[in-house]
Amino acid sequence: MRIANRLSKLLGIVVLAVGIAACGDNSTNPVETPDPTPPELPELQSYQPETEYFNNNSTQNKSVQNGAAFGMASEFVQSNVHSMFGITQVYMPFFEQARETEPTFDDGVWEWTYSYTYPQVQQSAELRLTAEPNDVTGETSWELFVSVDVPDGPSLDNYRFMSGTSSSDGNEGSWSVYTLGENGSSGEAVFTFEWSREDEDNFTSSYTIHNTGSAEYQSVNFDYTKAVPEHTLHMHSSDGEFDVEIFWNTETDIGYVNYLGDKMCWDSNFEDTACQ
């Protein structure tokens, strides 16, 4: 099952940007008030599955012959996970672009505006990112709007491409990417990312490709748990026809793959072994 082909149908021109900066205040109070500080952008790429374990221990890099269990797990990772999370390599440059932009602050809302040229198509887009902190909940609401005039394509005026929330410490949050609706408006969410973190070695993240009704496939979830040295990745579709759980331990090198209820395990030599 190739998730990459599905992603290419969902997302056309992918643009995303966020950043941090500061803005002075204009208080007339003789006692200076601290400048408002913009919320920090969560490091979204930090929550992706760490799959180097499979790259480093594949049959291409080792003299030993790996067993069927490890081989199956590695194939699922190579064919699905790498393609799925390759999408972040597309939109992450837009985050860095925003970091170089000075925001404005008005009525409790931060706003970054700038242009970005998408290299593959040499098409410039105008981006507007807003961040509105909530002092009561501690959350920040984010929205990214895109304006672009594509030759022989759609003309977008403040199309809401993404929206999300993040906690004040950045350890919890969610983002959604939206389809293009009628007249350039935002449609339904086609991609959602959520995370919850204790520290860099302990967190959970979930990626969902939604079935928007017009799609010919069911929604697909990628749920990842990192609790060093243990890692668990669960990939499953809403219709139950695709369900794979992969576990690996980067200290002992043992692990298992459970495909539609058929569990197969490997030992520290990456050879098949009986499951405990």
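Note that this is a predicted model, so its numbers are computed, not measured.

Novice: Describe the state of the cysteines, with residues and values.
Specialist: With the rule as written, the count across this model stands at one disulfide. Here Cys-265 pairs with Cys-275 through a disulfide, and the sulfurs are 2.0 Å apart. Handedness of the Cys-265-Cys-275 disulfide follows from its S-S torsion of about 120°: it is right-handed. Of the two residues, Cys-265 is situated in strand β13 (residues 262–266) and Cys-275 in the segment after β14 (272–273); the sequence distance between them amounts to ten residues. For Cys-275, a relative accessible area of 31% translates into the label partly exposed.

Novice: Got a sec to walk through a negative patch on the surface? Specific residues and values, please.
Specialist: Together, Glu-198, Asp-199, Glu-200 and Asp-201 make up a negatively charged patch on the protein surface. Structurally, Glu-200 can be placed in the loop between β7 (186–199) and β8 (202–209). Here Glu-200 falls in the exposed class, since its relative accessible area comes to 55%.

Novice: Outline the pairing of strand β4 (residues 140–149), listing residues and values.
Specialist: The buried count for β4 comes to seven of ten residues, which makes it a mostly enclosed element. In the sheet, strand β3 (residues 123–133) pairs with β4 via eight bridges, with the strands oriented antiparallel. The partner of Pro-133 across the bridge, within β4, is Thr-140. Once β3 ends, the chain turns through six residues before running back antiparallel as β4, passing Gly-138 with a positive phi of about 80°.

Novice: Residue-level account of the nonpolar core, with values.
Specialist: Among the nonpolar cores identified, the biggest contains 50 residues, and Phe-54, Phe-191, Met-235, Ile-246, Trp-248, Val-257 and Trp-266 are the most heavily contacted of them. With seven residues, helix α3 (residues 68–85) is the largest single contributor of residues to this core. Each residue touching Val-257, except ones within four places of it in the same chain, is listed here: Ala-69, Met-72, Ala-73, Phe-76, Val-244, Glu-245, Ile-246, Asp-262, Lys-263, Met-264 and Trp-266.

Novice: Give a detailed account of unusual backbone geometry, specifying residues and quantitative values.
Specialist: Across the junction of Val-228 and Pro-229, the peptide omega takes the value 10°, indicating a cis bond. Locating Pro-229 in the fold gives a position in the loop between β9 (220–227) and β10 (230–237). If you check the backbone angles, Asp-107 has positive phi at about 50° while not being a glycine. By the secondary structure assignment, Asp-107 is in the loop between β1 (104–106) and β2 (109–118). Here Asp-107 falls in the exposed class, since its relative accessible area comes to 72%. Look at Leu-260: it is not a glycine, yet its phi comes out positive at around 55°. Take Leu-260: it is sitting in the loop between β12 (255–259) and β13. Classification of Leu-260 as partly exposed rests on a relative accessible area of 46%.

Novice: I'd love a proper account of the packing of aromatic side chains, names of residues and values included.
Specialist: Throughout the structure, instances matching the rule amount to 24 aromatic pairs. Measuring from centroid to centroid gives 6.3 Å for Tyr-47 and Phe-193, while their planes differ by 45°, and the two rings are tilted. Residue Tyr-47 is located in the loop between α1 (3–10) and α2 (52–56), and its partner Phe-193 is located in strand β7; the two are separated by 146 residues in the primary sequence. Neither residue differs from the other here; Tyr-47 and Phe-193 are each classed as buried. Ring centres 6.4 Å apart and planes at 75° place the aromatic pair Phe-54 and Trp-266 in the edge-to-face group.

Novice: Please set out the side chain of Ser-237 residue by residue, giving values where relevant.
Specialist: Position of Ser-237 relative to the elements: it lies in strand β10. With a relative accessible area of 9%, Ser-237 lands in the buried category. A distance of 2.6 Å separates the side chain of Ser-237 from the side chain of Asp-239, its partner in a polar contact. Sequence-distant contacts of Ser-237, that is, excluding residues within four places in its chain, are made with Ser-219, Val-220 and Phe-242.

Novice: Explain the environment of Lys-263 to me, using residue names and the numbers behind them.
Specialist: The topology assignment puts Lys-263 in strand β13. Exposure remark for Lys-263: the relative accessible area of 38% places this residue in the partly exposed category. On a C-alpha basis, the gap between Lys-263 and Glu-245 in space is 8.9 Å, while along the polypeptide they are 18 residues apart. Once you skip the residues sitting within four places of it in the chain, Lys-263 turns out to touch Tyr-256, Val-257, Asn-258 and Cys-275.

Novice: Mind laying out the pairing of β13, listing which residues take part and the relevant values?
Specialist: Relative to β13, β12 runs antiparallel, the two sharing five bridges. Counterpart to Tyr-256 in the pairing with β13 is Cys-265. Adjacent in sequence and paired antiparallel, β12 and β13 are bridged by two residues, among which Leu-260 carries a positive phi angle near 55°. Here β13 runs beside β14; their pairing, made up of two bridges, is antiparallel. Bridging from a neighbouring strand, Cys-265 pairs with Thr-273 of β14. Once β13 ends, the chain turns through five residues before running back antiparallel as β14, passing Phe-270 with a positive phi of about 70°.

Thresholds applied
Residues numbered from 1 in each chain as written. Predicted model: local features only at pLDDT ≥ 70, side-chain atom pairs only at ≥ 80, totals over all residues. Heavy atoms only, no water. Disulfide = S-S within 2.5 Å. Helix = DSSP H or I, 4+ residues; strand = E, 2+ residues; numbered from the N terminus. Buried < 20%, exposed > 50% of the residue type's maximum accessible area, 1.4 Å probe, protein only. Patch = residues over 30% accessible without salt bridge, like charges linked within 9 Å, V, L, I, M, F, W, Y side chains within 5 Å. Areas by Shrake-Rupley, 256 points an atom, 1.4 Å probe, with all protein chains shown as cover. Salt bridge = Lys/Arg side-chain N within 4 Å of Asp/Glu carboxyl O. Lys, Arg positive; Asp, Glu negative; His and termini not counted. Charge placed at Lys NZ, Arg CZ, Asp CG, Glu CD. Pairing = 2+ DSSP bridges. Core = buried A, V, L, I, M, F, W, Y, C linked by side-chain atoms within 4.5 Å. Contact = heavy atoms within 4.5 Å. Phe/Tyr/Trp six-rings, centres within 6.5 Å; stacked < 30°, edge-to-face > 60°. Polar contact = N/O pair within 3.5 Å; in protein donor to acceptor, adjacent residues only side chain to side chain.

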